[in-house]
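The primary structure of each chain is shown beneath.
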Amino acid sequence: MGLIAFFAIVTYQRTDIWENSLSFYGDVVEKYPDSDHGHWMRGNVFKDYKRIDDAINCYNRAIELNPQYAMAYFNRGVMYAEKKSFKRAIDDYNKTIEYQDDDMAAYHNRANAYRGLGDVGNAIADYSKALEIDSTFVISYAARAETYFQLKKYHLAIYDYSKLLEYSPNDAQALYMLGVTFLNTGQKQRACDLLTKASALNNEEAKKALGSYCGNMRQQ
């Protein structure tokens, strides 16, 4: 109850500390050293300042205090991924999913970590699980499409980029990549139409591709 009261009135009593979030949460964990949330929030500030090891230490403490703190595992996983410690990141995303099995972001991030290890099979499975939880989670469509493209499974990449564009029709990068994918399947007209749209949205890669692959078609 004391901790709740502290958070409720702190903006009135300690407004000066808000000028520096790190000092504020340092003050919180000093006054309430057993506050798992306080350590988690302090870790988030370190994360925002790109102080990765300090953030990990804070998440470690939050997890010591609350071994079922799903978001502390998640954020620590993000930090391990930043360090390219993908196996540790996967371990933390596993714990997140253990306690929040409908966390689409955890599946998506675990997929990214699998890709970092070259395990595209598990990566695709996790992107698919994220999309099963939320079919509008466009970043998983983008990441899965990119993975399929790298595997030269162009028909599957086309499906994912097309789904992404249903939800985000002015995504210039998706328009560009779908155009490139159509080029790789020999569908030049469809490719150039998409590259034209992406170019109109100031995608520089699309502008270059238009000049390289669609110049004659544009003049016709």
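Use the structure listed above.
A brief report on the enclosed structure follows. Quantities reported herein were computed from a predicted structural model and do not represent experimental measurements.

Quick notes on the overall build of the protein chain
Counting its secondary structure elements, the protein chain contains 14 helices and zero strands. Walking the protein chain from its N terminus toward its C terminus, one meets helices and strands in the order α-α-α-α-α-α-α-α-α-α-α-α-α-α. The burial tally for the protein chain puts 43% of its 220 residues in the buried class. Counting only contacts in the protein chain whose residues sit at least 6 apart along the sequence, the fraction spanning at least 24 positions is 39%. For the protein chain, the computed accessible surface area is about 12000 Å², with 48% contributed by carbon and sulfur atoms.

Considerations on the pattern of salt bridges
Scanning all chains against the criterion turns up 13 salt bridges. One salt bridge connects D54 with R51, and the closest N-O pair in it is separated by 3.0 Å. Residues K95 and E98 are paired through a salt bridge, measuring 3.2 Å at the closest nitrogen-oxygen approach. Taken together, the positions of K95 and E98, both in helix α6 (residues 86-99) and three residues apart, correspond to about one turn of that helix.

Things to note about the state of the cysteines
Enumeration according to the criterion identifies one disulfide in this entry. A sulfur-sulfur distance of 1.9 Å marks the disulfide that ties C192 to C214. Here C192 and C214 share a disulfide; its torsion about the S-S bond, -85°, makes the bridge left-handed. Placement of the pair is C192 in helix α12 (residues 188-200) and C214 in the loop between α13 (204-213) and α14 (215-219), with a sequence separation of 22 residues. With respect to class, C192 is no different from C214; both count as buried.

Details of the nonpolar core
With 63 residues, the main nonpolar core has W40, Y161, Y176, L178 and L195 as its most contacted residues. Top element by residues in this core is helix α11 (residues 172-184). It accounts for seven residues. Discounting chain neighbours no more than four positions away, the residues touching L195 are Y176, G179, L183, A206, A209, L210 and C214.

A few points about the packing of helix α10 (residues 154-167) against α11
At their nearest, the axes of α10 and α11 sit 10 Å apart, and the two run at 155° to each other. Comparing their axes, α11 and α10 come out roughly antiparallel. Seen along the crossing, α10 lies across α11 with a hand that is left-handed. Touching Y154, A157, I158, Y161, S162, L164 and L165 of α10 are A174, L175, M177, L178, T181, F182 and N184, all from α11. Taken together, the residues that form the contact of α10 with α11 break down as 11 nonpolar, three polar and no charged.

The rules we used
Along each chain, residue indices are assigned from 1 in the same order as the chain's sequence is written. Local features in this predicted model are restricted to residues of pLDDT 70 or higher, and side-chain atom pairs are both shown and tallied only at a pLDDT of 80 or more, whereas totals for entire chains, interfaces and linings draw on every residue. In computing side-chain values, all of the structure's heavy atoms are included and hydrogens and water are not. Put simply, DSSP H or I for four residues or longer makes a helix, DSSP E for two residues or longer makes a strand, and each gets a number counted from the N terminus. Exposure categories follow from relative accessible area, calculated using a 1.4 Å probe and restricted to protein chains: below 20% of the type maximum is buried, above 50% is exposed, and the middle band is partly exposed. For this analysis, residues touch if any pair of their heavy atoms sits within 4.5 Å. Methods summary: accessible areas were calculated by the Shrake-Rupley approach with a probe of 1.4 Å, and residue burial reflects only the protein chains presented. Salt bridge, as used here, is a side-chain nitrogen of Lys or Arg placed within 4 Å of a carboxyl oxygen of Asp or Glu. Cysteine sulfur atoms are paired as a disulfide whenever they fall within 2.5 Å. Nonpolar cores were defined as sets of buried Ala, Val, Leu, Ile, Met, Phe, Trp, Tyr and Cys residues, with membership established by side-chain atoms within 4.5 Å. Here, axes are lines fitted to C-alpha atoms. For helices the fit covers the stretch in contact, and angles between N-to-C directions go from 0 to 180 degrees. For this classification, under 35 degrees means roughly parallel, over 145 means roughly antiparallel, 65 to 115 means roughly perpendicular, and everything else is oblique. Definitions for this section: a left-handed crossing has its near helix turned counterclockwise from the far helix by less than a right angle. A right-handed crossing has that turn clockwise. Gly is put with the polar residues, along with every residue not named as nonpolar or charged; the nonpolar set is Ala, Val, Leu, Ile, Met, Phe, Trp, Tyr, Cys and Pro, and the charged set is Asp, Glu, Lys and Arg.

Remember, this is a structural readout, not a statement about activity or role.
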